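Coordinates in review
Each chain, letter by letter, is given below.
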Amino acid sequence: MSNRDTLFSAPIAKLGDWTFDERVAEVFPDMIQRSVPGYSNIISMIGMLAERFVQPHTQVYDLGCSLGAATLSVRRNINVEGCKIISVDNSPAMIERCRRHIDAFRADTPVDVIEADIRNISIENASMVVLNFTLQFLDPNERQQLLNTIWHGLRPGGILVLSEKFSFADPVVDELLFNMHHDFKRANGYSELEISQKRSMLENVMLTDSVESHKARLRTAGFEHVDLWFQCFNFGSLIALKAGSV
Ligand SMILES: C[S@@+](CC[C@H](N)C(=O)[O-])C[C@H]1O[C@@H](n2cnc3c(N)ncnc32)[C@H](O)[C@@H]1O
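Cut-offs applied
- Residues numbered from 1 in each chain as written.
- Predicted model: local features only at pLDDT ≥ 70, side-chain atom pairs only at ≥ 80, totals over all residues.
- Heavy atoms only, no water.
- Helix = DSSP H or I, 4+ residues; strand = E, 2+ residues; numbered from the N terminus.
- Expected span 1.5 Å × (residues − 1).
- Bend = angle between axes of the 7 residues up to and from the residue.
- Buried < 20%, exposed > 50% of the residue type's maximum accessible area, 1.4 Å probe, protein only.
- Polar contact = N/O pair within 3.5 Å; in protein donor to acceptor, adjacent residues only side chain to side chain.
- Disulfide = S-S within 2.5 Å.
- Salt bridge = Lys/Arg side-chain N within 4 Å of Asp/Glu carboxyl O.
- Core = buried A, V, L, I, M, F, W, Y, C linked by side-chain atoms within 4.5 Å.
- Contact = heavy atoms within 4.5 Å.
- Pairing = 2+ DSSP bridges.
- Axes fitted to C-alpha atoms, helices over the stretch in contact; angles between N-to-C directions.

A word on helix α1 (residues 22–35). Over its 14 residues, α1 runs 18 Å from end to end, which matches the ideal 20 Å to within 8%, given 1.5 Å per residue. Maximal helix bending in α1 amounts to about 70°, located at F28; proline P29 follows within four positions. Turning to α1, its buried residues are V24, A25, V27, F28, D30, M31, I32, R34 and S35.

This is how it looks when you write it as structure tokens:
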């Protein structure tokens, strides 16, 4: 059972920008569960996608792995030989806990947990890449480059799973889904103060795109088959497939 997130329950005099530091890492499972509608469904389904898509003797990348929830879901569901999972995050606090978390479970598939910036790593011989709520933290000008790198590193028949918070071009829909997310957090025990303090800290570091702009970027990167497979309010997940037979 993880620690309860009470980081923003008292007024904070000077709200800085959001960082994935020790304090966030300590409460992260509770925080993401209570803040992201559909998170646990997405984690389970990433495992099901892994079962279908991970090819023998290839690599799986979990980019922005935090504590390794998606990594563990993939590892539990891989049933082919000779695979390796490479889990990357640039937060030392996350990486330290991720290593402990992964080591706590025994499995045949090895996992390399790497502290690095996902903009600087190479992607090779991949059959699956996961960006589970990570791309939104990159500068929008750097998002296309990362998707291009992923497409190049994927084998034919490989899959990218891209989960994000979305914005919507229709202002009525945008406001409704924004408010539904707010209701979701309130229903999960967050106060108005916690919601608004967290929101203003994330404002400068988490810039959301529409589903359409994600699809356009994925197609520009080279992905032939792109669509949304999951959505709950303004959160969701896309799959992008690299054409070719396995
Ligand atoms: C919302 S969390 C991702 C949640 C995680 N994928 C999961 O499924 O539980 C975003 C993570 O991305 C990491 N991150 C953000 N920018 C990064 C970058 N440029 N390189 C590596 N990791 C990054 C953060 O440290 C954080 O742990």
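To continue, consider the side chain of S73. Residue placement: S73 occurs in helix α3 (residues 69–77). Judged by its relative accessible area of 2%, S73 is buried. Within the structure, S73 has its side chain in polar contact with the backbone oxygen of I43 (distance 2.6 Å).

On to the state of the cysteines, then. Using the criterion set out here, one finds zero disulfides in the structure. C65 takes part in no disulfide bond, and the closest cysteine sulfur, belonging to C98, lies 4.1 Å away.

In total, this model carries 12 salt bridges according to the counting rule given. E22 is paired through a salt bridge with R97; the nearest N and O atoms lie 3.0 Å apart. Here the residue E22 occupies a position in helix α1, and R97 occupies one in helix α4 (residues 92–103), the gap between them amounting to 75 residues. Among the ionic pairs, D112 bridges to K84, the shortest N-O distance being 3.2 Å. With D112 in strand β3 (residues 111–115) and K84 in strand β2 (residues 84–89), the pair connects residues that are 28 residues apart, well separated along the chain. For K84, a relative accessible area of 28% puts it in the partly exposed group. In this structure, a network of salt bridges that share partners links the residues E22, E26, E96, R97 and R100.

Ranked by size, the top nonpolar core spans 41 residues in total, and within it I46, V74 and M128 carry the most contacts. For this core, the secondary structure elements donating two or more residues are α1, α2 (39–53), α3, α4, β3, β4 (126–132) and β5 (154–165). Here this core takes seven residues from α2, the largest share from any one element. Each residue touching M128, except ones within four places of it in the same chain, is listed here: I46, L49, A50, V54, Q59, V60, Y61, V74, L154, I159 and V161. Listed in part, the 29 residues of the second largest apolar core include V88, L138, L154 and F168.

In this structure, H57 is a non-glycine residue whose phi angle is positive, near 60°. Tracing the chain through its elements places H57 in the loop between α2 and β1 (59–63). With a relative accessible area of 51%, H57 lands in the exposed category. Although it is not a glycine, S66 sits at a positive phi angle of roughly 50°. Within the secondary structure, S66 is located in the loop between β1 and α3. Judged by relative accessible area, which is 11%, S66 ranks as buried.

The strand order across the open sheet built from seven strands is β3-β2-β1-β4-β5-β7-β6, with neighbouring strands paired in mixed fashion. Taken across any chain shown, the strands that pair with only one partner, and hence form the sheet edges, are β3 and β6 (225–232). Averaged over all pairs of adjacent strands, the angle between strand axes in this sheet comes to 15°, irrespective of strand direction. Here β5 pairs with strand β7 (residues 235–241) via seven bridges, running antiparallel. Along β7, the bridge assignment pairs I159 with L241. Each of β1, β2, β3 and β4 touches α3; the most contacted strand, β2, lies at about 175° to it.

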